[in-house]
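Each chain is listed here by its residues.
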Amino acid sequence: MAASSLTPMLTVKDAGAAIAFYRNAFGAVEESRLTAPTGQVVAELAIDGLPFFVVDENPAALNLSPSSLDGTTVRMNLIVDDPDAVAARAVGAGASEIFAVADQPYGLRQGRISDPDGHHWLIGKPLVG
């Protein structure tokens, strides 16, 4: 099997609010947006050219947000040049800090935040030397 891409789809309660958060927190760019006749939104976003989707919750299709599930099983791992600044920006945009950015024993300077919908984001960079 030769895969050509793997793109996360984050289910949220309010796609419009989530898009605004990702724009403010991470500088995400909205690449496209589709609205179903039911009003549900599917939007493709990109952070520094790296794509991901945001989609409104749809219980009938078993697409539930972390807030409906009371937790999440997936963490997004965002590698950036300045994880301290990016994590602070995300918290300033409405994220909650789970653990502060710090040098970790597994070779990363990394922290963890929860976005307003409950998705967890690891924000870090490799430690050098």
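Preceding this paragraph is the structure being described.
Residues numbered from 1 in each chain as written. Predicted model: local features only at pLDDT ≥ 70, side-chain atom pairs only at ≥ 80, totals over all residues. Heavy atoms only, no water.

Enquirer: Looking at this structure, I do not really get the overall build of the chain. What am I missing?
Expert: Secondary structure assignment for the chain yields 3 helices and 8 strands. In the chain, the order of α-helices and β-strands from amino to carboxyl end is β-α-β-β-β-α-β-α-β-β-β. Against the 2.2 N^0.38 benchmark of 14 Å for 129 residues, the chain shows a C-alpha radius of gyration of 15 Å, consistent with a compact globule. Each of the three principal axes of the chain carries a C-alpha extent, and together these read 55 × 35 × 25 Å. Scored against the burial criterion, the 129 residues of the chain give a buried share of 37%. Long-range pairs, those at least 24 residues apart, make up 48% of the contacts in the chain with a sequence separation of at least 6. Entry remark: accessible area of the chain is about 7400 Å², with carbon and sulfur atoms responsible for 55%. Distance between charge centres in the chain, computed from 8 positive and 15 negative side chains, equals 3 Å. (Helix = DSSP H or I, 4+ residues; strand = E, 2+ residues; numbered from the N terminus. Rg over C-alpha atoms; globule rule 2.2 N^0.38 Å. Buried < 20%, exposed > 50% of the residue type's maximum accessible area, 1.4 Å probe, protein only. Contact = heavy atoms within 4.5 Å. Areas by Shrake-Rupley, 256 points an atom, 1.4 Å probe, with all protein chains shown as cover. Lys, Arg positive; Asp, Glu negative; His and termini not counted. Charge placed at Lys NZ, Arg CZ, Asp CG, Glu CD.)

Enquirer: Any chance you could explain the pairing of strand β7 (residues 108–114) here in plain terms?
Expert: Counting buried positions along β7 yields 6 of 7 residues, so the element is predominantly enclosed. Between the end of strand β6 (residues 96–103) and the start of β7, which pair antiparallel, lie 4 residues, with Gly 107 showing a positive phi angle near 95°. Sheet topology note: the β7/strand β8 (residues 120–126) ladder contains 7 bridges and is antiparallel. Across the sheet, Arg 112 pairs through a bridge with Leu 122, a residue of β8. From the end of β7 to the start of β8, which pair antiparallel, there are 5 residues, and Gly 118 there has a positive phi angle of about 100°. (Pairing = 2+ DSSP bridges.)

Enquirer: It is not clear to me how the nonpolar core should be interpreted in this structure. Could you clarify?
Expert: Within soluble globular proteins, side chains that are nonpolar generally end up buried alongside one another. If you look at the biggest cluster of nonpolar residues, it comprises 27 residues, and the most contacted ones within it are Tyr 22, Phe 26, Phe 52, Val 54, Trp 121 and Ile 123. Elements supplying a minimum of two residues to this core: β1 (9–12), α1 (15–26), β3 (41–47), β4 (50–56), β5 (75–79), α3 (83–92) and β8. The biggest single contributor to this core is α1, with 7 residues. With residues near it in sequence (within four places) discarded, Trp 121 still touches Leu 10, Tyr 22, Phe 26, Ile 47, Phe 52, Met 76, Leu 78, Gly 111, Arg 112, Ile 113 and Asp 115. (Core = buried A, V, L, I, M, F, W, Y, C linked by side-chain atoms within 4.5 Å.)

Enquirer: Help me understand the side chain of Gln 104 in this model?
Expert: Along the chain, Gln 104 turns up in the loop between β6 and β7. Polar side-chain contacts of Gln 104 include one of 3.0 Å to the backbone oxygen of Gln 110. Once residues within four sequence positions are removed from consideration, Gln 104 is found in contact with Phe 99, Gln 110 and Leu 127. (Polar contact = N/O pair within 3.5 Å; in protein donor to acceptor, adjacent residues only side chain to side chain.)

Enquirer: Explain α3 to me, please; I cannot follow it from the model alone.
Expert: Buried within α3 are the following residues: Pro 83, Val 86, Ala 87 and Ala 90. Mapping the buried residues of α3 onto a view down its axis gives an arc of 95°, with all of them on the same face. Every exposed residue of α3 that faces more than 90 degrees away from the buried side is listed here: Ala 88 and Gly 92. The inward-facing, buried residues of α3 contact α1, β5, β6, β7 and β8. Looking one or two residues past α3, Gly 94 carries a phi angle of roughly 125°, positive in sign. (Arc of directions from axis to C-beta.)

Enquirer: Help me understand the sheet that holds β7, please; the structure alone is not making it clear to me.
Expert: Judged by pairing direction, the sheet is mixed, and its 4 strands sit side by side in the order β5-β8-β7-β6 without closing on themselves. Each end of this open sheet is capped by a strand with a single partner; those strands are β5 and β6. Mean inter-strand twist for the sheet, computed between neighbouring axes without regard to direction, equals 15°. Two elements, β5 and β8, share 5 bridges in a ladder whose sense is parallel. When the sheet's bridge partners are listed, Leu 78 is paired in β8 with Ile 123. (Axes fitted to C-alpha atoms, helices over the stretch in contact; angles between N-to-C directions.)

Everything listed here is a matter of coordinates, which is why it stays silent on function.
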